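Observations on the three-dimensional arrangement
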2 protein chains.
Amino acid sequence: MGRVSIKDIASKIGVSTATVSLVLNGKDKLGRVSEQLSKKIRETAKSMNYKPNGFAKALRSGRSETIGLVVADISNPFFAHLAFHIQEHADRYGYSVIITNTNESPKKMEKMVSILKYRQVDGFIIVPTENGSRCIEELHENKIPVVLLDRYFPEIPSDYVGVDNFHASMKATEHLLKLGCKKIALITYKTTLRHAQERRDGYVSALAGCDLYDSRLIKEVNHSTIVEDINRSVQELILGDNKIDGFFFTTNTISSIGLKKLKEMQINVPEDIKTVCFDKIESFDFSTIPFVQQPIPEMGKQAVDIVVDRIRNGNPSPVHIELKAELIV
Amino acid sequence: MGRVSIKDIASKIGVSTATVSLVLNGKDKLGRVSEQLSKKIRETAKSMNYKPNGFAKALRSGRSETIGLVVADISNPFFAHLAFHIQEHADRYGYSVIITNTNESPKKMEKMVSILKYRQVDGFIIVPTENGSRCIEELHENKIPVVLLDRYFPEIPSDYVGVDNFHASMKATEHLLKLGCKKIALITYKTTLRHAQERRDGYVSALAGCDLYDSRLIKEVNHSTIVEDINRSVQELILGDNKIDGFFFTTNTISSIGLKKLKEMQINVPEDIKTVCFDKIESFDFSTIPFVQQPIPEMGKQAVDIVVDRIRNGNPSPVHIELKAELIV
DNA sequence: CTGAAAGCGCTTACAG
DNA sequence: CTGAAAGCGCTTACAG
């Protein structure tokens, strides 16, 4: 037995494929098909175990009911959780999700977007890499729905879902101040990505407010040489003249590496030095370390809602959603 | 401008779509199409920025060049890493991967498999849930290539890629013995899944070998009530009459929760009690805790290799691959 | 209320 | 060496 098609159902009952299609797509109301026939078709389809062919549908209708998700690295817990919630939520709308990784490379991002375009995804949810704006603009030019997630390019108006990085970072830094820290170091990525700058700005604002800002306490690290860069930065900061008493790590990865280095140097947290970080690091043992908790399920939900809305209803003016992130102490 | 199709190229050059298709699929050798025309077609396709329509291709050929991946939970680092490597490797073959989650529910597994079937994936890579064998058998009956990953059902012969759980667990337990432990507890899932039993058997064998086996030291926990179950088990074991001096945790999740509980109880690891676990837990601070390291990239690669081979060359007798897992101390 | 027919973009026997 | 044509399974104007 081959696969059951709409034609098989039609010929079995003795009606046209058009009628079957109509019924099976729920377009039989509005005085189209008689209640009786409609029921018969539905029952026959079920009994024959009919499954629609997605490709034929997609080819004909131009829609694939698939969303392309582009993240930096699915094995990073932050993105893995985002992906999880995006899938769960997309599932409710009947959309599948194809997940791809960029490893923070704009080249790879272009490649993945192109693969997903080839797969005819109806829309994109993208965590863009640095220097990846061209790729996003192209999507816009082609009128393909895309919502940026976590990061955005201020120069190109797009739908975006993220958190209020500035205030979250400010709160995080203020927390260290409240604990009595006077010399708070920042370790962040060297990047032009706006969300990273916002985190930095939040830190700067908090410190500038009480005259504790010192640019020498800011260390920027490169994604490609992250371990060495962080190790060197932490070492310099700790062994230098400034008596560092606090650290703000701007991502979970930076946090993990930084804390490890501190441990290696036999610096106890939080006894010798206080720290706070952005995103949870997957370690029960540091559950005592305060961190900025992004509302991951909500971020995923919003991103899906928007992209599905764009797919179905076209592209009005883009929305820029900044959710609140909570400091968990 | 609409999308460029094979027809556009054909009419622009003045040849048939058949010829264009032949050339663009690399079937122009063997004295089919003249070198010159072939070149012209290729160049024109490129200049017109032709992208083949995947759905038309899939509809016509019956192949989607997509692999369906079914895991328990993409936000678990073990599966996230597996997914990452599966994608990277599948990409080399030109296959996309759709990832779905089951949350260890056979119901959800059936649903996901059915969604992926609807998406017409060419083959499956599945980390099956308990009681999920029926679903796998159905795939077999329908001659759809499927390779099981991490877990398998001994009663149904299928392609499978996993690790040698028995010996890995034995080694892990022996490590604790070498450290001088006499009362080693096991915390594992209450499940009929064979790989979990193998881990248990490895533990039992190691202990039985030196007459230290004591069934009261084995605690089984349920997936749905895992935190309470582990907390209770650890507490009972520690506060009971047996002077537990070692723990073997059979998964990363169990490990995390167990270690957390130990910390809560102010038991120091490894001073007061030694532990070893299966899979790495994402915590730099416990880098000192020995763990069984599964060869995740290799597992992903093998699974992809097999499923692609099955898709392309049909289904000979199934292979059962058990890779070695290393104990990292 | 229902059917005949075109067409989405491709591949693949078949004929020349 | 190349083309005309059928057909994959569906949807959707159009006609009745």
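Above this text is the structure in question.
Residues numbered from 1 in each chain as written. Chains lettered and ligands numbered in written order. Predicted model: local features only at pLDDT ≥ 70, side-chain atom pairs only at ≥ 80, totals over all residues. Heavy atoms only, no water.

**Digging into the interface of chain A and chain B**
Counting residues at the interface gives 47 residues for chain A and 47 residues for chain B. Between chain A and chain B, the buried area comes to about 4,200 Å², and carbon and sulfur atoms account for 55% of it. As a salt-bridge pair, B:Asp91 and A:Lys111 come within 2.9 Å of each other at their nearest N and O atoms. Those elements giving two or more residues to the side of chain A that touches chain B turn out to be helix 4 (54-61), helix 5 (77-92), strand 2 (96-101), helix 6 (106-118) and helix 11 (252-264) of chain A. Of the residues in the side of chain A that touches chain B, the class split is 18 nonpolar, 15 polar and 14 charged. (Contact = heavy atoms within 4.5 Å. Buried area = accessible area lost by both parts, 1.4 Å probe. Salt bridge = Lys/Arg side-chain N within 4 Å of Asp/Glu carboxyl O. Helix = DSSP H or I, 4+ residues; strand = E, 2+ residues; numbered from the N terminus. Nonpolar A, V, L, I, M, F, W, Y, C, P; charged D, E, K, R; others polar.)

**As for the protein's contact with DNA strand C**
The local shell around DNA strand C holds 26 residues, among which A:Arg60, B:Ile6, B:Ser21, B:Tyr50 and B:Arg60 are the closest. Sugar and phosphate atoms represent 61% of those atoms of DNA strand C found within 4 Å of the protein. Within the side chain of B:Asn25, a nitrogen or oxygen atom sits 3.0 Å from a phosphate oxygen of DNA strand C. B:Asn53 has a polar backbone atom sitting 3.1 Å from a phosphate oxygen of DNA strand C. Put simply, the parts of the chain that give the surface near DNA strand C at least two residues each are helix 2 (17-24) and helix 4 of chain A together with helix 2 (17-24) and helix 4 (54-61) of chain B. At 4 residues, the largest contribution of residues to the surface near DNA strand C is made by helix 2 of chain B. Of the residues in the surface near DNA strand C, the class split is 11 nonpolar, 10 polar and 5 charged. (Near = heavy atom within 4 Å. Polar contact = N/O pair within 3.5 Å; in protein donor to acceptor, adjacent residues only side chain to side chain.)

**A closer look at the protein's contact with DNA strand D**
Taken together, 26 residues lie around DNA strand D, and A:Ile6, A:Ser21, A:Tyr50, A:Arg60 and B:Arg60 are the ones closest in. Sugar plus phosphate: this is where 62% of the atoms of DNA strand D within 4 Å of the protein reside. Within the side chain of B:Arg60, one N or O atom sits 2.9 Å away from a base nitrogen of DNA strand D. At the level of secondary structure, the elements contributing two or more residues to the surface near DNA strand D comprise helix 2 and helix 4 of chain A together with helix 2 and helix 4 of chain B. In terms of residue count, the dominant contributor to the surface near DNA strand D is helix 2 of chain A (4 residues).

**Here's the deal with the pattern of salt bridges**
Residue and element names in this part refer to chain A. Applying the stated criterion across every chain, the model contains 32 salt bridges over all chains. Between Lys-324 and Asp-164 there is a salt bridge, with its nearest N and O atoms 3.2 Å apart. Here Lys-324, found in the loop between strand 11 (320-323) and strand 12 (326-328), pairs with Asp-164, found in the loop between strand 5 (159-163) and helix 8 (165-178); they are 160 residues apart in sequence, far enough to count as distant. With a shortest N-O distance of 2.8 Å, Asp-214 and Arg-216 are connected by a salt bridge. Relative accessible area serves as the criterion here: at 56%, Arg-216 is assigned to the exposed category. Connected through shared salt-bridge partners, Glu-104, Asp-150 and Arg-151 make up one network. (Buried < 20%, exposed > 50% of the residue type's maximum accessible area, 1.4 Å probe, protein only.)

**Here's the deal with unusual backbone geometry**
A cis amide bond links A:Val269 to the next residue, A:Pro270, at an omega of 5 degrees. One non-glycine residue, A:Glu104, adopts positive backbone phi at about 65 degrees. With respect to the helices and strands, A:Glu104 occurs in the loop between strand 2 and helix 6. Residues other than glycine seldom take positive phi values, yet B:Asp150 does so here, at roughly 75 degrees. Here B:Asp150 is to be found in the loop between strand 4 (146-149) and strand 5 (159-163).

**Looking at the packing of aromatic side chains**
Evaluation of the coordinates by the stated rule reveals 7 aromatic pairs over all chains. Their ring planes at 40 degrees and their centres at 5.6 Å tell us that A:Phe55 and B:Phe55 sit as a pair that is tilted. Pair noted here: A:Phe55 is in helix 4 and B:Phe55 is in helix 4, and the two residues belong to different chains. B:Phe55 carries the same exposure label as A:Phe55, and that label is buried. On the basis of an interplanar angle of 50 degrees and a centroid distance of 4.5 Å, the ring pair of B:Tyr152 and B:Tyr160 is categorised as tilted. Since its relative accessible area comes to 1%, B:Tyr160 is described here as buried. (Phe/Tyr/Trp six-rings, centres within 6.5 Å; stacked < 30°, edge-to-face > 60°.)

**Re the side chain of A:Asp122**
All names here are of chain A. Among the structural elements, Asp-122 can be located in the loop between helix 6 and strand 3 (123-126). Although Asp-122 is buried, it makes no salt bridge; Arg-63 carries the closest opposite charge, 6.1 Å away. Among the polar contacts listed, one links the side chain of Asp-122 to the backbone nitrogen of Ser-64, at a separation of 2.8 Å. Look past the residues within four positions of Asp-122 in its chain and what remains in contact with it is Gly-62, Arg-63, Ser-64, Glu-65, Thr-66, Tyr-95, Ile-144, Pro-145 and Ile-311. (Lys, Arg positive; Asp, Glu negative; His and termini not counted.)

**A word on the nonpolar core**
Where a protein is soluble and globular, its nonpolar side chains tend to be buried together. Counting residues in hydrophobic clusters, the biggest one holds 140 residues, and the most contacted among them are A:Phe247, A:Leu262, B:Phe247 and B:Leu262. Filtering out sequence-adjacent residues up to four positions away, B:Phe247 remains in contact with B:Leu176, B:Ile184, B:Ala185, B:Ile187, B:Val234, B:Leu237, B:Ile238, B:Leu262, B:Ile273, B:Lys274, B:Thr275 and B:Val276. Of all hydrophobic cores here, the second largest spans 38 residues; its members include A:Cys135, A:Leu193, B:Ile156 and B:Tyr160. (Core = buried A, V, L, I, M, F, W, Y, C linked by side-chain atoms within 4.5 Å.)

**Description of the sheet that holds strand 11 of chain A**
All names here are of chain A. If you walk across this open sheet you meet the 6 strands as 2-1-3-4-5-11, and the pairing is parallel. In this open sheet, the two strands that pair with only one neighbour each are strand 2 and strand 11. The mean inter-strand angle of the sheet, taken between neighbouring strand axes irrespective of direction, is 15 degrees. Note: strand 5 against strand 11, 4 bridges, orientation parallel. From the neighbouring strand, Val-161 faces strand 11, where its bridge partner is Ile-321. (Pairing = 2+ DSSP bridges. Axes fitted to C-alpha atoms, helices over the stretch in contact; angles between N-to-C directions.)

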